[in-house]
Every structure is written in structure tokens, then in C-alpha cells.
Amino acid sequence: MPNASSWSASSPLLLLWEDSSGTRIFLSLLYAVLAISGTLSNVMVIYLVFSFKKLQTTSNAFIVNGCAADLSVCALWMPQEAVLGLLPPNSSSLRSAEYRLLRGGLLSLGLTVSLASHLLVAFNRYVLITKLPSVYQALYQRRHTGCMIGLSWALALLLVPLLPGLWTPGSAQQPPPRQTDGSSRYTALLLALAVLGQTALLLHCYLGIVRRVRGSAKRVSVLNFHLLHQLPFPAAPPPPRRAQRRLSSVSVLLLCCVFLLGTQPLVWVSLLGFFLRPAPPALQAASWLLLCSLSALNPLLYTWRSEEFRRAARSVLP
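It should be emphasised that the depicted structure is a prediction, and the values quoted were computed from it without experimental measurement.

Helix and strand counts for the protein chain come out as twelve helices and zero strands. Put simply, the protein chain runs from its N terminus to its C terminus through helices and strands in the order α-α-α-α-α-α-α-α-α-α-α-α. Looking at the protein chain as a whole, 51% of its 318 residues are labelled buried. Total accessible area on the protein chain stands at roughly 15500 Å², and carbon and sulfur atoms take up 69% of it.

This is the structure in C-alpha cells:
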């Protein structure tokens, strides 16, 4: 049975081998709920965008890209974790290094593209609101948009061989060597710094949007773009100007808070483990759970304030 030091060398995700059967069953049920809800919501968003022409915008192209990445987590990775949680700790599936690497590859691919898509959506909205329409049209041509989406997947594919080592614990009989421990710690540090930098850029974009909206509601009203309906702001009918600015700020603040809640625990747990001492395994597992749960929440974060999405969903759902 691995001790705390072996778990600190690589993030254990949620299936802690020393957990009781009741805890493992609870986590498996939680994985199953996230897998089902996340798969349905991501598939629904992708279907609506491809089925309704009004939803086929540049901002929604990045949202669909994130939903496709989240499907690799919700539809492919989470169901496996739910099943493995019901298996005994000495199961051959848990001990297979190749299978653990496959699961880690699916997770790293999905999370990397998903986080990149968050940033692409935020930057797209920032340029739309704060820059001239001519700048937006020149930057977000169809070819440029395709290149941005392709780069997000290329970056993820480059990181796939590196990141699975973060969550591939050594076996009970053969703990990972010291050199692997050191490389995993530095990989965790780089991952934490990358997520921290991505979060800073995302907050800069959304806070810039809030400043512009609060400072000039007239500037937003004259932008005749379909993308305005994809912002987490009220669409129609418009409330009074003061109430509109307040509701816009609250919507963006809520989106940022959910994103911070999902990403920052893992960042600070990783930094704590690198500079001071490893966090308890349960805290490491909880930080990974919050990050992975974003894959199920992302479709709601970007569509719940869109009247176009709600209208399209009402026309499809019974």
C-alpha cells in the first residue's frame, strides 16, 4: 500500500488505494453523475451549434472546441474511473502501467484543450468589446480561427507524453524511483505555473470587459454582432442602464469565480507540495476533482445567459 510520500510524487486523482470501500463507492457514483451530466450537456451544446445557423459564430466555435475536449474527460475518462472505483485495490486493471498511461493521456488531452478554449473564448470576447470592429474582423477570420483551434490541440498533443506522469502512481510493491519523483514534482510545478498564467490572462480579459461595459454602455449597444448574444450578459429585453451594468458585472464575476474554484486549488496544492511539504492525499484528490468537474460545468457556464441558446434548446427538447 503506497504511503503519503509516494502519493506526493504524483497526483493520485480521486481513487486513493487506501480508501475504504464506502469512500470508493461514493467517488464512483460521483464520477458517474459527472460523466452522465457532462456528456449530455457537452453533446447538447455541440448539437445546437451545428444545427442552428444563428449559433454558428466565432465565439461558439471556441466553445464547441472546449466541449469536444470536455467529452474526452466526461465520456471517456470519467466512466473508467467510476468502474475502477468499484474494483478491489489489487485489481490487475489498477496495476497495469499501460492502462494508467492511457487514462492519463485522455485526461491530459481533454483538460489542456479545455483550458486553452477558456482562454480563447475570453480573448475573443475581450477583442469584440474593447477593440474596433475592423480589428475584430481582421483577427477572427475563418482561417485564423481554425489555426487557433488547431494550435490548442497541437499543444495538448505535445504535452500528452509529459503530463500523465503526474497521476500515474507507482505500484504498492514497486514505488517510483527518486529520479521520477523529482521529474514529477517539476512537472507539477510547471503545470501549476501554466494554469496560474492562463488564469491571470483570463481574468485580465473579463475584467477588461467589465470595465468597458460599466464605463460605456453605449459602446456595447452599437456593436451589431451576433457574438454579443454569446456573452454572459443579458440579451433582450435590455433592463435600465444601471441595472444592465450591474447584472453584466455579476454574470462575469460568477463565471470567473466558478473557474477560479475549479482551477486554483490544484495550483496551490502543487505549489505547496513543491516548495514546502506535500499536501494530504485527500486534499490532492479534492483539487483534481474540482478541476475535472469543470468539464461537466463548462457548457452551462457559457450558455446559461444566452437567449439564443435557450431558444434553440427549447425548440429541441420536448
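Time to look at the pattern of salt bridges. Evaluation of the coordinates by the stated rule reveals five salt bridges. The salt bridge partner of Glu 81 is Arg 103, with a shortest N-O separation of 2.7 Å. With Glu 81 in helix 3 (residues 58–84) and Arg 103 in helix 5 (residues 97–130), this residue pair connects regions lying 22 residues apart in the sequence. The same class applies to Glu 81 and to Arg 103, which are both buried. Here Glu 308 and Arg 311 are joined by a salt bridge, their closest N and O atoms 3.3 Å apart. Of this pair, Glu 308 and Arg 311 are both found in helix 12 (residues 307–316), three residues apart, which corresponds to roughly one turn of the helix. A relative accessible area of 16% places Glu 308 in the buried class.

Here helix 11 (residues 281–303) spans 35 Å end to end across 23 residues, near enough to the 33 Å set by a 1.5 Å rise per residue. A maximum bend of about 55 degrees is found in helix 11 at Leu 297, where proline Pro 299 lies one to four positions downstream. Of all 23 residues making up helix 11, 17 are buried, and the element is well covered by its neighbours.

Together, Ile 25, Leu 29 and Leu 86 make up an exposed nonpolar region whose accessible area comes to about 300 Å². Along the chain, the position of Leu 86 falls in the loop between helix 3 and helix 4 (92–95). Overall, the relative accessible area of 57% leaves Leu 86 in the exposed class.

Bringing the packing of helix 2 (residues 21–51) against helix 11 into the picture now. Close contact between helix 2 and helix 11 brings their axes to 9 Å; oriented N to C, the two are set at 30 degrees. On the basis of their axis angle, the class for helix 2 and helix 11 is roughly parallel. As for the relative orientation of helix 2 and helix 11, their crossing is left-handed in sense. Where helix 2 approaches helix 11, its residues Leu 30, Leu 34, Ser 37, Gly 38, Ser 41, Asn 42 and Val 45 are matched on the opposing element by Leu 289, Ser 293, Ser 295, Ala 296, Pro 299 and Thr 303. By residue class, the composition of the contact of helix 2 with helix 11 is six nonpolar, seven polar and no charged.

It is worth spelling out the nonpolar core at this point. Generally speaking, nonpolar side chains in soluble globular proteins are found buried as a group. Formed by 60 residues in total, the largest nonpolar core has its most connected members in Trp 77, Met 78, Tyr 206 and Tyr 302. Of all the elements in the fold, those that place two or more residues in this core are helix 2, helix 3, helix 5, helix 8 (178–215), helix 10 (241–275), helix 11 and helix 12. Beyond its immediate chain neighbours, meaning those up to four positions away, Tyr 206 contacts Val 121, Ala 122, Arg 125, Val 252, Leu 255, Cys 256 and Tyr 302.

Below, the discussion takes up the packing of aromatic side chains. This model, assessed by the stated rule, comprises four aromatic pairs. Between the aromatic rings of Tyr 136 and Tyr 140, the centroid separation amounts to 5.0 Å while the plane-to-plane angle is 35 degrees, which identifies the pairing as tilted. With a relative accessible area of 5%, Tyr 136 lands in the buried category. Here a set of aromatic residues connected by ring pairs shows up, and it is made of Phe 62, Tyr 136 and Tyr 140.

Interpretation of the predicted coordinates at a detailed level should be avoided for regions scoring low in pLDDT. Averaged over all residues, the pLDDT of the protein chain is 76; the fraction at 70 or higher stands at 73%. Considering only residues more than four positions removed or in separate chains, one finds that residues 1–18, a stretch of pLDDT under 50, has 56 contacts. Here residues 167–180 is modelled with pLDDT under 50, and outside its nearest four sequence neighbours on either side it reaches 22 contacts, counting other chains as well.

By the element assignment, Ser 270 lies in helix 10. In this structure the side chain of Ser 270 is engaged in a polar contact, spanning 2.9 Å, whose partner is the backbone oxygen of Leu 266. Residue contacts for Ser 270: discarding those within four places in its chain leaves Ala 188 and Ala 192.

In this section: the UniProt feature "transmembrane region" (unreviewed entry) in the protein chain. UniProt tags residues 25–50, 62–80, 100–123, 144–167, 187–209, 250–276 and 282–304 as "transmembrane region" (unreviewed entry). Measuring from the first to the last C-alpha atom of residues 282–304 gives 32 Å, for a span that is 96% helix and 0% strand.

A few words now on the environment of Thr 187. Take Thr 187: it is sitting in helix 8. Here Thr 187 falls in the buried class, since its relative accessible area comes to 12%.

For the rest of this paragraph, the subject is the side chain of Ser 117. Mapped onto the fold, Ser 117 is located in helix 5. Since its relative accessible area comes to 4%, Ser 117 is described here as buried. Among the polar contacts listed, one links the side chain of Ser 117 to the backbone oxygen of Val 113, at a separation of 2.8 Å. Aside from chain neighbours lying at most four places away, what touches Ser 117 is Phe 62, Asn 65 and Gly 66.

Basis of the calculations
- Residues numbered from 1 in each chain as written.
- Predicted model: local features only at pLDDT ≥ 70, side-chain atom pairs only at ≥ 80, totals over all residues.
- Heavy atoms only, no water.
- Helix = DSSP H or I, 4+ residues; strand = E, 2+ residues; numbered from the N terminus.
- Buried < 20%, exposed > 50% of the residue type's maximum accessible area, 1.4 Å probe, protein only.
- Areas by Shrake-Rupley, 256 points an atom, 1.4 Å probe, with all protein chains shown as cover.
- Salt bridge = Lys/Arg side-chain N within 4 Å of Asp/Glu carboxyl O.
- Expected span 1.5 Å × (residues − 1).
- Bend = angle between axes of the 7 residues up to and from the residue.
- Patch = residues over 30% accessible without salt bridge, like charges linked within 9 Å, V, L, I, M, F, W, Y side chains within 5 Å.
- Axes fitted to C-alpha atoms, helices over the stretch in contact; angles between N-to-C directions.
- Parallel < 35°, antiparallel > 145°, perpendicular 65-115°, else oblique.
- Left-handed = near helix turned anticlockwise from the far one by under 90°.
- Contact = heavy atoms within 4.5 Å.
- Nonpolar A, V, L, I, M, F, W, Y, C, P; charged D, E, K, R; others polar.
- Core = buried A, V, L, I, M, F, W, Y, C linked by side-chain atoms within 4.5 Å.
- Phe/Tyr/Trp six-rings, centres within 6.5 Å; stacked < 30°, edge-to-face > 60°.
- pLDDT = per-residue confidence, 0-100.
- Polar contact = N/O pair within 3.5 Å; in protein donor to acceptor, adjacent residues only side chain to side chain.
- UniProt positions renumbered as here; feature names shortened; annotations may be inferred.

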